[in-house]
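Notes for the structure review
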Amino acid sequence: MANTAAPASIHQHRDSDVEFHVTYLDTDSGRIRREDFEDLAAAERFASAQLRDQDGWAVVDHVKIEVTSRMVA
């Protein structure tokens, strides 16, 4: 099995306003799926791991996100 990083958690602290979405074909199920990463290198490793056979594909998108903070009263 390929060495991949875990997807980013929505509960982790964000230091930047960019995240990386990997959209790929899960050749086991035949479904298109997406994983989100905070690190480009981890996203690229994950995308490469999805290219297990000739039908597999993966795309890494750089997505600008709005960092918002919420105050609780």
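It should be emphasised that the depicted structure is a prediction, and the values quoted were computed from it without experimental measurement.

Regarding the nonpolar core
Judged by nonpolar contacts, Phe-20, Val-22, Tyr-24, Phe-37, Ala-42, Ala-43, Phe-46 and Ala-47 together constitute the single largest core of 8 residues. If one sorts the elements of this core by residue count, helix H1 (residues 40–49) sits on top with 4 residues.

Focus on the pattern of salt bridges
According to the stated counting rule, one finds 4 salt bridges in the structure shown. The salt bridge partner of Lys-64 is Asp-17, with a shortest N-O separation of 3.2 Å. Separated by 47 residues along the polypeptide, Lys-64 in strand E3 (residues 58–64) and Asp-17 in the segment before strand E1 (18–26) bring together distant segments of the chain. On the accessibility criterion, Lys-64 (67% relative accessible area) is exposed. Residue classification places Asp-17 among the partly exposed positions, given a relative accessible area of 33%. For Asp-26, the salt bridge goes to Arg-33, with nearest N and O atoms at 3.0 Å.

Thoughts on the environment of Asp-53
On the secondary structure map, Asp-53 appears in the loop between H1 and E3. A C-alpha to C-alpha distance of 8.2 Å links Asp-53 and Thr-27, two positions 26 residues apart in sequence. Polar side-chain contacts of Asp-53 include one of 3.1 Å to the backbone nitrogen of Asp-55. In this structure the side chain of Asp-53 is engaged in a polar contact, spanning 3.0 Å, whose partner is the backbone nitrogen of Gly-56.

Structural notes on the packing of aromatic side chains
If you walk through the whole model with that rule in mind, you get 2 aromatic pairs. Plain terms: the ring middles of Phe-37 and Phe-46 are 5.3 Å apart, the flat faces sit at 45° to each other, and that makes the pair tilted. Accessibility classification places Phe-37 together with Phe-46 in one group, the buried group. Here a set of aromatic residues connected by ring pairs shows up, and it is made of Tyr-24, Phe-37 and Phe-46.

How each quantity is defined
- Chains are numbered independently. Their residues run from 1 in the order of the written sequence.
- In keeping with the predicted nature of the model, local features appear solely for residues at pLDDT of at least 70, side-chain atom pairs appear and are counted solely at 80 or more, and the whole-chain, interface and lining totals rest on all residues.
- The basis for every side-chain value is the complete set of heavy atoms in the structure, and neither hydrogens nor water enter the calculation.
- Throughout this description, the term nonpolar core refers to a set of buried Ala, Val, Leu, Ile, Met, Phe, Trp, Tyr and Cys residues connected via side-chain atoms within 4.5 Å.
- Each residue's exposure class comes from its accessible area (1.4 Å probe, protein chains only) as a fraction of the maximum for that residue type: buried when under 20%, exposed when over 50%, partly exposed otherwise.
- Working definition: helices are DSSP H or I runs of at least four residues, strands are E runs of at least two. Numbering for both runs from the N terminus.
- What counts as a salt bridge is simple: a side-chain nitrogen of Lys or Arg found within 4 Å of a carboxyl oxygen of Asp or Glu.
- As used in this structure description, the phrase polar contact means that two N or O atoms lie within 3.5 Å; if the pair is within protein, one of them must be able to donate a hydrogen and the other to accept it, and residues adjacent in sequence are counted only when both atoms belong to side chains.
- Stacked, tilted and edge-to-face are the three classes assigned to paired rings of Phe, Tyr and Trp, where Trp is represented by its six-membered ring and a pair needs centres within 6.5 Å; plane angles under 30 degrees give stacked, over 60 edge-to-face, the rest tilted.

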